[in-house]
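Analysis of the macromolecular model
As a plain string of letters, each chain reads:
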Amino acid sequence: MDAQTLRAETFKRLHERDRAFVMPNPWDAGSAVMLASLGFEALATTSAGCAFSLGRPDAEGALSLDDTLLNAHQIAQATTLPVAADLENGFSDSPDGCAQTILRAAATGIVGGSIEDATGNSGDPIYAFDLSVERVQAAVVAARSLPFAFTLTARAENLLHGRLDLPDTLRRLQAYAEAGADVLYAPGLRTADEVLAVVKAVAPKPVNVLMSGALKLSVAQLSAMGVKRISVGSAMALAAYGEFYRAAQEVYELGTFTFTERSMPFSTANQFFKV
């Protein structure tokens, strides 16, 4: 069994356990190595973290598919952990384009990825229902054509784009589950009741919950609700950028360097990256 197939099988089994696992989101190879050192069992890329590291905004078409795949490849090569990629809307409006993106993504060494139903167009942010389902169906066919168990996640993006329509979100997730998606994901859930509604709607398919923003639940609480996978999106990248910016502000505005008292020692950081 080659390394990618082994990682794919490991990733698949994580979703079959009777408890949730946390899949944090590194934004580059270095952050991936640090997360792996803590004992996390899988990782996922973050479009926002990748965009910020390149000096670009997220969710405005500023990242190309090539940018995304290079970032995914670098993260996948940095550790032995399974890695899933944030593939945004598949970088295409068409079902065939989504399928091609899955095939190209698989060639980077990742073992899973997500396709969302957000268009990237602020005037019309969510694809029509039928087209959304067709896009997932095409991505599923592509994933099943691979020589390993690629885990496909389908995302319903209503709640992130001002469409606070939980019934439509559940309808979409159910349709994506029926289309063959392995994992269902509705970022932007606001309450425990909404989490439970999603879990119930797509059962027995596993659900990913984003713990970033207003939702404040523990791993134990989410696991008890039947959630199988927990991610943090851009939250860790924002934590790192926040500390960096506060340090720079202190130097510029106060002319002091007390931030170094909080910094990780050079020897500790350097040790993470020694082979």
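Above this text is the structure in question.
Please read these numbers as outputs of a predicted model, since none were measured by experiment.

**Quick notes on the overall build of the protein chain**
When you go through the protein chain residue by residue, the secondary structure sums to eleven helices and eight strands. At 19 Å, the protein chain has a C-alpha radius of gyration in line with the 19 Å of a compact globule built from 275 residues. Counting the 275 residues in the protein chain, one finds 50% classified as buried. Summarising the internal contacts of the protein chain: among those between residues at least 6 apart in sequence, 65% fall at separations of at least 24.

**A word on the packing of helix 4 (residues 65-78) against helix 5 (residues 95-106)**
For the pair helix 4 and helix 5, the least separation of the axes is 10 Å and the interaxial angle reads 35°. Crossing handedness for the pair helix 4 and helix 5: right-handed. Note on element contacts: helix 5 touches helix 4 through Thr101, Arg104 and Ala105, opposite Leu65, Asp66 and Leu69. Split into classes, the residues belonging to the contact of helix 4 with helix 5 amount to three nonpolar, one polar and two charged.

**Points about the pattern of salt bridges**
Any two side chains of opposite charge can pair, given that their charged atoms come close. What the rule picks out here adds up to 14 salt bridges. Residue Arg155 pairs with Glu116 through a salt bridge whose shortest N-O separation is 3.6 Å. In this pair, Arg155 sits in strand 5 (residues 151-155) while Glu116 sits in strand 4 (residues 112-116), placing the two residues 39 residues apart along the sequence. The salt bridge involving Glu194 is made with Arg190; its shortest N-O contact spans 2.5 Å. Residue classification places Glu194 among the buried residues on the basis of a relative accessible area of 9%. The exposure class of Arg190 is partly exposed, given its relative accessible area of 36%. In the salt-bridge network here, residues are joined through shared partners; they are Asp117, Asp168, Arg171 and Arg172.

**A few points about the sheet that holds strand 3 (residues 83-86)**
The eight strands are arranged 1-8-7-6-5-4-3-2 in an open sheet whose pairing can be described as parallel. Here the strands that pair on one side only, and so sit at the sheet edges, are strand 1 (21-22) and strand 2 (43-44). Note: strand 1 against strand 8 (residues 229-231), two bridges, orientation parallel. The residue bridging Phe21 from the neighbouring strand is Arg229, located in strand 8. Across the face of the sheet, helix 6 (residues 129-144) comes into contact with strand 4 and strand 5 while running at roughly 170° to strand 5.

**Comments concerning a nonpolar patch on the surface**
Where nonpolar side chains cluster on the molecular surface, the patch consists of Phe52, Leu238, Tyr241, Phe244 and Tyr245 and spans about 520 Å² of accessible area. Looking at which element gives the most residues to the nonpolar patch, the answer is helix 10 (residues 235-254), with four residues. Relative to the elements of secondary structure, Phe52 occurs in helix 3 (residues 47-53). Among the residues examined, Phe52 registers a relative accessible area of 30% and is labelled partly exposed.

**A short note on helix 8 (residues 192-202)**
Turning to helix 8, its buried residues number three or more, namely Glu194, Val195, Val198, Val199 and Val202. Buried residues of helix 8 fall within an arc of 140° about the axis and therefore sit on the same side. In helix 8, the exposed positions angled more than 90 degrees off the buried face are occupied by Asp193 and Lys200. On its buried side, helix 8 packs onto helix 7 (166-178), strand 6 (183-185), strand 7 (207-210) and helix 9 (219-224).

**Some points on the pairing of strand 7**
Strand residues, when the strand is regular, have side chains that alternate between the two faces of the sheet. On strand 7, burial covers both faces: Val207 and Val209 on one face and Asn208 and Leu210 on the other are all buried. Of the crossover connections in this fold, the one passing from strand 6 over helix 8 to the parallel strand 7 is right-handed. In this structure, strand 7 lies alongside strand 8, joined through three bridges in parallel fashion. Across the sheet, residue Val209 finds its bridge partner in strand 8, namely Ile230. In this fold, the crossover linking strand 7 to strand 8 by way of helix 9 has right-handed handedness.

**Description of the environment of Gly97**
Mapped onto the elements, Gly97 comes out in helix 5. Through-space distance from the C-alpha of Gly97 to that of Ala138 is 8.7 Å; in sequence the pair is 41 residues apart. Excluding residues within four positions of it along the chain, Gly97 makes contact with Gly90 and Ser92.

Each value, and the rule that gives it
Residues numbered from 1 in each chain as written. Predicted model: local features only at pLDDT ≥ 70, side-chain atom pairs only at ≥ 80, totals over all residues. Heavy atoms only, no water. Helix = DSSP H or I, 4+ residues; strand = E, 2+ residues; numbered from the N terminus. Rg over C-alpha atoms; globule rule 2.2 N^0.38 Å. Buried < 20%, exposed > 50% of the residue type's maximum accessible area, 1.4 Å probe, protein only. Contact = heavy atoms within 4.5 Å. Axes fitted to C-alpha atoms, helices over the stretch in contact; angles between N-to-C directions. Left-handed = near helix turned anticlockwise from the far one by under 90°. Nonpolar A, V, L, I, M, F, W, Y, C, P; charged D, E, K, R; others polar. Salt bridge = Lys/Arg side-chain N within 4 Å of Asp/Glu carboxyl O. Pairing = 2+ DSSP bridges. Patch = residues over 30% accessible without salt bridge, like charges linked within 9 Å, V, L, I, M, F, W, Y side chains within 5 Å. Areas by Shrake-Rupley, 256 points an atom, 1.4 Å probe, with all protein chains shown as cover. Arc of directions from axis to C-beta. Right-handed = clockwise from strand over helix to strand, strands pointing away.

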